[in-house]
Amino acid sequence: MGRTRLAPRSREAMLSVRDMIGELSQMVVECAETEQELLEGQRMLGRAMALASELTLDCEPHSPWFMTMNTPSRFVGGGSPDIDYRVATIDGSRAYRIDGVRGSSPYLSFQILAGQGVEPRRMAAYLSDADLAVQADRSFSFLLGPKETKPAETGHQPFIEVPRDVSAVLVRDYLADREVDVVSSLDITAVGPAGSPAAIEDHALAEQFTTMAWMIARLATMFKTVQPELLQMPNQLV
């Protein structure tokens, strides 16, 4: 078999990433009114590419971890500078346990998202720090997963039921003062034996590349999409 016939779906999807980046680069050029805007737009696109790559290619639902979405060198999307954002990729094949130690921030929340691949994301469940059984040492834990993955014994840990197409846990730690407040420490573990990592397959990598392309597009066009409406309705929530 010639190399040109190997992994056809992922090669095609990789080309779609290239084409998407090309279209978005042209959008930045056309929208920029000054050289400074062009420079910032290109840097924004590069940061969106880095974030989308981590969220789609460098994630393993069977051995998840919380990834920091906003850093001093990368801050993209509709984030707030007063919130620490972390995200873990999961799926509906198993249950997960989240362990943490509550920091000193005024508010902590867990948003469970459903919808996979290029499907729109929706909120499947939501927990705030008021819903957590925080112990005297400020530790807490809870379980989440589809109904059929609920362990026979959960102990004192609450179980949050989620749909089969669950995709991620998005954490927001709201900070009143970044110089003083301490963010919560968090860990996520798949319940049950992890097993051996599966070898990557053509169709799976193709789906990841396709998701990556559209995630870059969403991040890069977020404000371009909402800005006209916002300019027509100042000082209003839309």
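Scroll up to find the structure.
Criteria and cut-off values
- Residues numbered from 1 in each chain as written.
- Predicted model: local features only at pLDDT ≥ 70, side-chain atom pairs only at ≥ 80, totals over all residues.
- Heavy atoms only, no water.
- 1 Å grid on protein atoms, 1.4 Å probe; cavity = no way out; pocket = protein on both sides within 12 Å on 5 of 7 lines; lining within 4 Å.
- Points joined across faces, edges and corners; volume = space filled by probe spheres on them.
- Helix = DSSP H or I, 4+ residues; strand = E, 2+ residues; numbered from the N terminus.
- Nonpolar A, V, L, I, M, F, W, Y, C, P; charged D, E, K, R; others polar.
- Pairing = 2+ DSSP bridges.
- Axes fitted to C-alpha atoms, helices over the stretch in contact; angles between N-to-C directions.
- Contact = heavy atoms within 4.5 Å.
- Polar contact = N/O pair within 3.5 Å; in protein donor to acceptor, adjacent residues only side chain to side chain.
- Buried < 20%, exposed > 50% of the residue type's maximum accessible area, 1.4 Å probe, protein only.
- Core = buried A, V, L, I, M, F, W, Y, C linked by side-chain atoms within 4.5 Å.

J.: Describe empty space enclosed by the protein, naming the residues involved and giving the relevant values.
T.: One way to see where empty space is left: roll a probe the size of a water molecule over the atoms. Taken as a whole and assessed by the stated rule, the structure comprises one cavity of 30 Å³ or more. Estimated volume of the largest cavity: approximately 80 Å³. Together, Glu54, Leu55, Asp58, Cys59, Glu60, Pro64, Trp65, Met67, Val87, Ala88 and Thr89 line the largest cavity. A per-element tally of the lining of the largest cavity places strand β2 (residues 83-89) first, with three residues. By residue class, the composition of the lining of the largest cavity is seven nonpolar, one polar and three charged.

J.: I'd like to hear about the sheet that holds strand β9 (residues 185-190), residue by residue, with values.
T.: As summarised here, the arrangement of the four strands in space is β7-β6-β3-β9, forming an open sheet in which the pairing is mixed. Each edge of the sheet is formed by a strand with only one pairing partner; in this case those strands are β7 (159-161) and β9. If you compare each strand with its neighbour and ignore which way they point, the axes differ by 20° on average.

J.: Break down the environment of isoleucine 98 for me, citing the residues and quoting the values.
T.: Along the polypeptide, isoleucine 98 turns up in strand β3 (residues 96-101). For the pair isoleucine 98 and leucine 237, spaced 139 residues apart in sequence, the C-alpha to C-alpha distance is 33 Å. In this structure, isoleucine 98 is in contact with Phe66, Phe110, Phe140, Ser141, Phe142, Leu144, Val169, Asp187 and Ile188, ignoring residues within four places of it in sequence.

J.: Tell me about the side chain of arginine 94, residues and numbers included.
T.: The topology assignment puts arginine 94 in the loop between β2 and β3. A polar side-chain atom of arginine 94 sits 3.0 Å from a polar atom in the side chain of histidine 62. Within the structure, arginine 94 has its side chain in polar contact with the backbone oxygen of valine 191 (distance 3.1 Å).

J.: Any details on the pairing of strand β6 (residues 139-145)? Residues and values, ideally.
T.: The element β6 is extensively covered by neighbouring structure, given that seven of its seven residues are classed as buried. Alternating residues of β6 divide into Ser139, Ser141, Leu143 and Gly145 and Phe140, Phe142 and Leu144, and every residue in both groups is buried. As defined by bridge partners, β3 adjoins β6 across six bridges and the pair is classed as antiparallel. If you follow aspartate 99 over to β6, its bridge partner there is serine 141.

J.: Provide a residue-level description of unusual backbone geometry, including the pertinent values.
T.: With phi around 45°, alanine 7 is a residue other than glycine that occupies positive phi space. Within the fold, alanine 7 resides in the segment before α1 (8-31). Residue classification places alanine 7 among the partly exposed positions, given a relative accessible area of 34%. With a phi angle near 75°, arginine 138 is a residue other than glycine that sits in the positive phi range. Structurally, arginine 138 is set in the loop between β5 (122-128) and β6.

J.: Outline the nonpolar core, supporting the account with residue identities and numerical values.
T.: Residues Val17, Leu24, Leu51, Leu55, Val87, Met212 and Ile216 are the most contacted members of the largest nonpolar core, which totals 26 residues. Elements with a minimum of two residues in this core: α1, α2 (35-57), β8 (166-174) and α3 (202-232). Of the residues forming this core, the biggest block, nine residues, is contributed by α3. Not counting residues within four places of it along the chain, the set of residues in contact with valine 87 comprises Leu55, Trp65, Phe66, Met67, Met69, Ala168, Val169 and Leu170. With 22 residues, the next largest nonpolar core counts Leu108, Leu132, Ile188 and Ala190 among its residues.

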